[in-house]
Amino acid sequence: MVFITTQSLNAEIARQQRMATEIAGEQAKISTGKKINQASDNPHDWVQISQISRRQSINAAWEGNLTFAESRATQASTNLNEINNLMTRVTELIVTSTSTADGSSGREAVAKELEGIRATVSDLLNQTDYQGTPVFDHPSAVLIPLGAGLVVEAVPTRASISENAVGTRSIDQVLEDTINAVRTGTEADRSVALQDARTALDHVIVAQSVQGVRSQRLEDIGNRLTSSSLALTERRSVLEDTDITETITKLQSKLLTLEASQLAFARINQKSLFDLF
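Notes on the structure in this doc start here. (Residues numbered from 1 in each chain as written. Predicted model: local features only at pLDDT ≥ 70, side-chain atom pairs only at ≥ 80, totals over all residues. Heavy atoms only, no water.)

Let us now look at the packing of helix H5 (residues 171-184) against helix H6 (residues 187-240). For the pair H5 and H6, the least separation of the axes is 9 Å and the interaxial angle reads 155°. By the angle between their axes, H5 is roughly antiparallel relative to H6. The two elements H5 and H6 cross, and the hand of that crossing is left-handed. Side by side, H5 and H6 meet where Ile171, Val174, Thr178, Ala181 and Val182 of the first sit next to Asp189, Arg190, Ala193, Asp196, Ala197, Ala200 and Val204 of the second. Here the residues of the contact of H5 with H6 sort into eight nonpolar, one polar and three charged. (Axes fitted to C-alpha atoms, helices over the stretch in contact; angles between N-to-C directions. Helix = DSSP H or I, 4+ residues; strand = E, 2+ residues; numbered from the N terminus. Parallel < 35°, antiparallel > 145°, perpendicular 65-115°, else oblique. Left-handed = near helix turned anticlockwise from the far one by under 90°. Contact = heavy atoms within 4.5 Å. Nonpolar A, V, L, I, M, F, W, Y, C, P; charged D, E, K, R; others polar.)

Let's shift gears to the packing of helix H2 (residues 43-97) against helix H3 (residues 105-126). For the pair H2 and H3, the least separation of the axes is 10 Å and the interaxial angle reads 165°. With respect to H3, the element H2 is oriented roughly antiparallel. For the pair H2 and H3, the sense of crossing is left-handed. Residue-level contacts link Asn79, Glu82, Ile83, Leu86, Arg89, Val90, Leu93, Thr96 and Ser97 of H2 to Arg107, Val110, Glu113, Leu114, Ile117, Thr120, Val121, Leu124 and Leu125 of H3.

Core analysis: the largest hydrophobic core is formed by 46 residues, its most contacted members being Met87, Val90, Leu146, Ile171 and Leu218. Mapped onto this core, the elements with two or more residues apiece are H2, H3, strand S1 (143-147), strand S2 (150-153), H5 and H6. The leading source of residues in this core is H2, at 12 residues. Excluding anything up to four places from it in sequence, Val90 contacts Leu114, Ile117, Leu175, Thr178 and Ala197. (Core = buried A, V, L, I, M, F, W, Y, C linked by side-chain atoms within 4.5 Å. Buried < 20%, exposed > 50% of the residue type's maximum accessible area, 1.4 Å probe, protein only.)

Moving on to the side chain of Asn59. When you line up the elements, Asn59 lands in helix H2. Ignoring any residue separated from it by four or fewer positions in sequence, one finds Asn59 in contact with Leu225, Ser228, Ser229 and Leu232.

Looking now at the pattern of salt bridges. Applying the stated criterion across every chain yields a total of 10 salt bridges. Across the pair Glu92 and Arg89 runs a salt bridge, and its minimum N-O distance is 3.3 Å. One end of the pair, Glu92, and the other, Arg89, are both in helix H2, three residues apart, so they sit about a helical turn from each other. Classification of Glu92 by relative accessible area gives partly exposed; the value is 39%. A salt bridge links Arg118 to Glu176, with the nearest nitrogen and oxygen atoms 3.8 Å apart. Here Glu176 lies in helix H5 and Arg118 lies in helix H3, a separation of 58 residues in the sequence. Assessed through its relative accessible area of 26%, Arg118 is described here as partly exposed. Among the charged side chains, a salt-bridge network with shared partners connects Arg89, Glu92 and Glu113. (Salt bridge = Lys/Arg side-chain N within 4 Å of Asp/Glu carboxyl O.)

What follows is about the environment of His138. Residue position: His138 is located in the loop between H3 and S1. With 22 residues separating them in the primary sequence, His138 and Ser160 have C-alpha atoms 9.9 Å apart.

Attention now moves to the pairing of S2. Across the two faces of S2 the burial differs, with Leu150 and Val152 buried and Val151 and Glu153 not buried at all. In this structure, S1 lies alongside S2, joined through four bridges in antiparallel fashion. Across the sheet, Gly147 pairs through a bridge with Leu150, a residue of S2. Here S1 hands over to S2 after two residues, with Gly149 in that stretch at a positive phi of 75°. (Pairing = 2+ DSSP bridges.)

Here's what the structure looks like:
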């Protein structure tokens, strides 16, 4: 004998409603690609995902800073290379000036070219980008945060390049003295100017080497940030992403179970109390 009561009917209805909710949840996992869409889905993993998300945001900020630092470092390296080329040209011009007569048009042409080089070197040292940021930090170094407790100097200061190139004299002063030596100086003056120009060139080469070290450090930091970001992404994917094959299998199983339950429930409800005895 089968007894159907209001309580048992309500319990079956509630069970089917829960199953329908579970099915909707599985469908949401497939459509969103995420198996955890709210804290109640898995509180433990939800906390981990939240922590990873915060770490990813911090990493993204550091990566943005790194892009800025690398851009500045690249421009600084470019300017230093141009200054190197110009100072190399200065030494060539001084040698050329020794083969021209004092007061000749050839000697004056050399002096004029040196004046142009002096102006260009000054422009390169004082150049700013489209935002007004100096290519070379001035007056002090700007430290850029690229990690927890990690700050770096992306470019040298202007003074470290331009000042004390030859003793206490700046590159600009060396170039001024060179122009005077070419235009009105003696052979001995031009010999001294040549030596000073070579010393100033060595000073620029050292600055280039130091900048190369900075650029390499930025590259190493970038590699670490990339590795960290990939690890975080992979860990988050494991915790959060839907296993489509597994979820579809569960969904199909629950759909079949719900369909069978609904058919059975419908047949029972079609019977009268008399039919159940």
